[in-house]
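Geometric and topological summary
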Amino acid sequence: MHIFRFLNLIKFREYNAGEAKKWMPIVVFLVVMIYTGSKALQFLPIPVYTIFKNLTIILIAYGEVLWFGGDITALMMVSFGLMTLSSIIAGWTDVTDAITNVYGTNMTVITGYGWMAVNCFSSAAFVLYMRKRIKLTNFKDFDTVYYNNLLSIPLLIVPSLLLEDWSVENLSYNFPPLERNVRLWAMILSGASAFAMSYASAWCVRITSSTTYSMVGALNKLPIAVSGIVFFGDPATLGNVSAISIGFIAGLVYSYAKTLPDDKSKVFSAFTQSVNDASKSSEKPR
């Protein structure tokens, strides 16, 4: 990023220790989200993981009601339910297997659910707190990217050096001579993509809302599923097609709910008003 700023391609504020200290909880949530997500995937099938990630959208929407005085309409709840239903249909076989394993007291799967629970709460905390800090500090998009990446580097490197296998044998296994250049270029492209994703995420959270950002994250899996059927020969089964169709319908319902909200369908409007009234009364001098 400093190279791009030197070339006058981007602009972001200078490092400030006070701002970094206030931003550190966000980075902690980010690192916990990344780590627990990878651990959950070690124990749970991807479809089950996706279902819980989609359920996190409801947790984030509820958090916005508390922190930002937002409202959740009935149509939004319908869209959340449709998105979750889409994930369940897509991974029905893996879901039933996972349920059977839980009832069979398979500790490996239960451990996966534990990691998944921490991942859901850390994901919600990361998105919600990042939006709150962006509003308080008036961070621009590249400011957010800069602090997220700069502060997360030590939190990721130190555990990696302590817990991961950095032996020559393991490096040779992961980077065999015949594929070393290809894998290095793949890492470079992955890093560039991560930078673009980080910028897009910061922009989306700042411009829209945490809930919309999470909903878009769930919807972006649908084009991947379609491309798998069209370009990579994945079977176009009734379950796959139904899941993709329901997912797109969920996106349309959410877009409609955000564009044309119906005041009469607000689910948490009364709750939001009571929270706001309580906060105002607590601020009055006694």
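Residues numbered from 1 in each chain as written. Predicted model: local features only at pLDDT ≥ 70, side-chain atom pairs only at ≥ 80, totals over all residues. Heavy atoms only, no water.

Our next topic: helix α3 (residues 46–68). Across its 23 residues, α3 extends 32 Å between first and last C-alpha, which sits within 8% of the 33 Å expected from 1.5 Å per residue. Here α3 has its buried residues at V48, Y49, T50, I51, N54, T56, I57, I60, A61, G63, E64 and V65. Positive backbone phi, at 65°, marks G69, one or two positions downstream of α3. (Helix = DSSP H or I, 4+ residues; strand = E, 2+ residues; numbered from the N terminus. Expected span 1.5 Å × (residues − 1). Buried < 20%, exposed > 50% of the residue type's maximum accessible area, 1.4 Å probe, protein only.)

What follows is about the layout of surface pockets. By volume, the largest pocket amounts to about 1500 Å³. In this structure, the largest pocket is lined by 45 residues; those nearest its centre are L30, M33, M197, S201 and Y213. Taken together, the elements giving at least two residues each to the lining of the largest pocket come down to α1 (2–6), α2 (17–43), α3, α6 (107–137), α7 (141–163), α9 (180–207), α10 (210–219) and α11 (221–231). The leading source of residues in the lining of the largest pocket is α9, at 10 residues. Residues belonging to the lining of the largest pocket are distributed by class as follows: 28 nonpolar, 15 polar and two charged. (1 Å grid on protein atoms, 1.4 Å probe; cavity = no way out; pocket = protein on both sides within 12 Å on 5 of 7 lines; lining within 4 Å. Points joined across faces, edges and corners; volume = space filled by probe spheres on them. Nonpolar A, V, L, I, M, F, W, Y, C, P; charged D, E, K, R; others polar.)

Right, let's talk about the confidence of the model for the chain for a bit. With 79% of its residues at a pLDDT of at least 70, the chain reaches an overall mean of 77. Predicted confidence in the chain is weakest over helix α13 (residues 269–283), with a mean pLDDT of 52, and strongest over α2, with 88. (pLDDT = per-residue confidence, 0-100.)

This paragraph deals with the UniProt feature "transmembrane region" (unreviewed entry) in the chain. When the UniProt feature table is mapped onto this chain numbering, "transmembrane region" (unreviewed entry) sits at residues 20–37, 43–62, 74–92, 112–130, 142–162, 182–205, 212–232 and 238–257. Summarising residues 112–130: 100% helix, 0% strand, and an end-to-end C-alpha distance of 26 Å. As annotated, residues 238–257 has a helix share of 100% and a strand share of 0%, and its two end C-alpha atoms lie 28 Å apart. (UniProt positions renumbered as here; feature names shortened; annotations may be inferred.)

Attention shifts here to the side chain of R133. Structurally, the position occupied by R133 is in helix α6. Here R133 is buried and forms no salt bridge, its nearest opposite-charge partner E19 lying at an N-O distance of 7.6 Å. Ignoring any residue separated from it by four or fewer positions in sequence, one finds R133 in contact with K22, W23, I26 and N138. (Lys, Arg positive; Asp, Glu negative; His and termini not counted. Salt bridge = Lys/Arg side-chain N within 4 Å of Asp/Glu carboxyl O. Contact = heavy atoms within 4.5 Å.)

With the rule as written, the count across this model stands at five salt bridges. For E19, the salt bridge identified is with R13, shortest N-O distance 2.9 Å. Between R183 and E179 there is a salt bridge, with the nearest N and O atoms lying 2.8 Å from each other. Here R183 falls in the partly exposed class, since its relative accessible area comes to 33%.

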